[in-house]
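Analysis of the macromolecular model
The chain contents come next:
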Amino acid sequence: MGFMSIVQQIIGGFGTTLFIFFCTLLFSMPLGILFALARMSKFKPLNIFMQVCISILRGTPLMLQLIVVFFMPYYVFGIKLSTGWRVYAALIGFSINYAAYFGEIFRAGIQAVPVGQHEAAEVLGFTKTQTFFKIVFPQMVKRVVPPVTNEVITLVKDTSMAFAIAYAEMFTMAKQVAAQQSNIMPLFVAGLFYYIFNIVVAWVMGRVEKKLSYFE
Amino acid sequence: MSLFEINNVKKAFGDLTVLHDISVKVDEGEVVAIIGPSGSGKSTLLRCATMLETMDSGELVYLDEKAAHNDSSGHTVYASPADLRRIKGYFGLVFQNFNLFPHFSVMRNLTEAPIHVQKRDRSEVEAEARELIRKMGLEGKENYYPQQLSGGQQQRVAIARALAMNPKMLFFDEPTSALDPELTGEILKVIRQLAQEKMTMVIVTHEMEFARDVADRVIFMDGGYIVEEGRPSDVISNPSEERTKQFLARFSGQGAINE
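The structure contained in this document is the topic of the report that follows. (Residues numbered from 1 in each chain as written. Chains lettered and ligands numbered in written order. Predicted model: local features only at pLDDT ≥ 70, side-chain atom pairs only at ≥ 80, totals over all residues. Heavy atoms only, no water.)

**Describing helix H3 (residues 62-77) of chain A**
Residues and elements named next belong to chain A.
- Between its first and last C-alpha atoms H3 spans 22 Å; for 16 residues at 1.5 Å apiece the expected length is 22 Å, and the two agree.
- The sharpest bend along H3 comes to roughly 55 degrees, located at Phe71, with the proline Pro73 sitting one to four residues further on.
- By the burial criterion, the buried members of H3 are Leu62, Gln65, Leu66, Val69, Phe70 and Pro73.
- At the exit of H3 stands Gly78, carrying a positive phi of roughly 70 degrees. (Helix = DSSP H or I, 4+ residues; strand = E, 2+ residues; numbered from the N terminus. Expected span 1.5 Å × (residues − 1). Bend = angle between axes of the 7 residues up to and from the residue. Buried < 20%, exposed > 50% of the residue type's maximum accessible area, 1.4 Å probe, protein only.)

**Here's the deal with the packing of helix H5 (residues 151-163) of chain B against helix H6 (residues 181-196) of chain B**
Residues and elements named next belong to chain B.
- Across the interface, H5 lies against H6 with an axial gap of 8 Å and an inter-helix angle of 25 degrees. Judged by the angle between their axes, H5 and H6 are roughly parallel. The way H5 lies across H6 gives a crossing that is right-handed. Along the contact surface, H5 presents Gly151, Gly152, Gln153, Gln155, Arg156, Ile159 and Leu163, while H6 presents Leu183, Glu186, Ile187, Val190 and Leu194.
- Of the residues that constitute the contact of H5 with H6, the class distribution is six nonpolar, four polar and two charged. (Axes fitted to C-alpha atoms, helices over the stretch in contact; angles between N-to-C directions. Parallel < 35°, antiparallel > 145°, perpendicular 65-115°, else oblique. Left-handed = near helix turned anticlockwise from the far one by under 90°. Contact = heavy atoms within 4.5 Å. Nonpolar A, V, L, I, M, F, W, Y, C, P; charged D, E, K, R; others polar.)

**A short note on the pairing of strand E3 (residues 31-35) of chain B**
Residues and elements named next belong to chain B.
- With five of five residues buried, E3 is to be regarded as a mostly interior element.
- Judged by which residues are buried, E3 turns out to be covered on both faces: Val31, Ala33 and Ile35 on one side and Val32 and Ile34 on the other are all buried.
- Bridge count for E3 against strand E9 (residues 200-204) is four bridges, and the pairing is parallel. Within the sheet, the bridge partner assigned to Ala33 lies in E9 and is Ile203.
- Of the pairings in the sheet, the one linking E3 to strand E10 (residues 217-222) comprises four bridges and is parallel in character. Note on E10: the bridge partner recorded for Ile34 is Ile219. (Pairing = 2+ DSSP bridges.)

**A look at the interface of chain B and chain A**
- At the junction of the two partners, chain B supplies 23 residues and chain A supplies 20 residues.
- Interface area, chain B with chain A, both sides summed: about 2,000 Å², of which 62% is carbon and sulfur.
- Area buried by chain B at its contact with chain A is led by B:Phe101, B:His103 and B:Gln147, which between them contribute 28% of it.
- With a shortest N-O distance of 3.0 Å, A:Lys134 and B:Glu112 are connected by a salt bridge.
- Inspection of the region where chain B meets chain A yields eight residue pairs in polar contact (both at pLDDT 80 or more).
- For the side of chain B that touches chain A, the secondary structure elements donating two or more residues are helix H2 (81-88), strand E7 (91-94) and helix H3 (106-116) of chain B. (Buried area = accessible area lost by both parts, 1.4 Å probe. Salt bridge = Lys/Arg side-chain N within 4 Å of Asp/Glu carboxyl O. Polar contact = N/O pair within 3.5 Å; in protein donor to acceptor, adjacent residues only side chain to side chain.)

Rendered as structure tokens:
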């Protein structure tokens, strides 16, 4: 089997990797905002509940979380697992896990907005909701770009954990090909794909950071 | 009729009483300067007046509308959020460190609240904002962001932002304390101009000369009490209380006090 056919097989898995990556970002970011707001809530039970959730999501292996989500319907509700469920389980697991990390980053970003901004908005008569969306949120976004970039880059590589529930993304494919051929090459090719993908991610995030540099 | 009244305000932070039963009335067109050492409670008084701080006890009245009153046990009760939002439209506040919105252009700093809080017509608000920007000597800076401006320019934007709401009165919390002497002058000039236009203003300041020239009335505070109050020529140039003399003596070296 030639190099090109190795690449071809891996590209097949790369589509799945991209799919997990983009869907996770799409769901985990808004969910992260909700997590951050719940984590800062003055309503104590919600606040504590969120703290516990984040603690567990950050404190246990993502791989284990994926397995838990995947088998939950069977063990808790006795529902027979269909093959299609794999995709949803992966997306749910990744999204919730990343939302925990994003939530903490967003919370730090929100709390870093000076109290004077809230006071200026309050005196001008903005409601709490207006203050959040018009004043706090845009300033938070700027502040969180560097740590979010870190998380996004980690996510690119973490997508490989989907193999834990036998969801065939790129790394799973590469391992299969490597095993079939008793050749380590496919793994390096996959590594190269991750690396190139991350260079693109870093470049895009750099552009975002630059775009937001018009204010301090 | 007084435009603004704060009556018998008491405020403590934990065990520390910052305001002991203080009352201030301000008439329309009046300029009141509040002076005093750090920790005298003058900024807290201003923050209570602008509702950034809640009073423990006391009454707050704008244009005969009660923003806060005492219940039977002497604790402050504030009006409904809707009433407070309306009452907040009666005054503006200029902060020591400007607190401009860094992600908005100068123009948007001025127009955002009139459009989204007062629900006024955008084109009308923008025309007024342009006029204010011109008045503050910031013509051509409409599309600049705050960080591109000097401290003095930023503070002028902050004053314009407060004025864009068409308030009945303005509060200033040490508006020149974050500025070097040269930039201080341009802000004082703007406030002087507003005084000439009969804008009602309450100014917490360390600029004694300025307070004496511009204010109709000076309030000297210390330790959470109003120690002395009256015409600037009395309070600043010829104080009767020992504590006031002591405080002002520190400024006399700068040639700011003696006429």
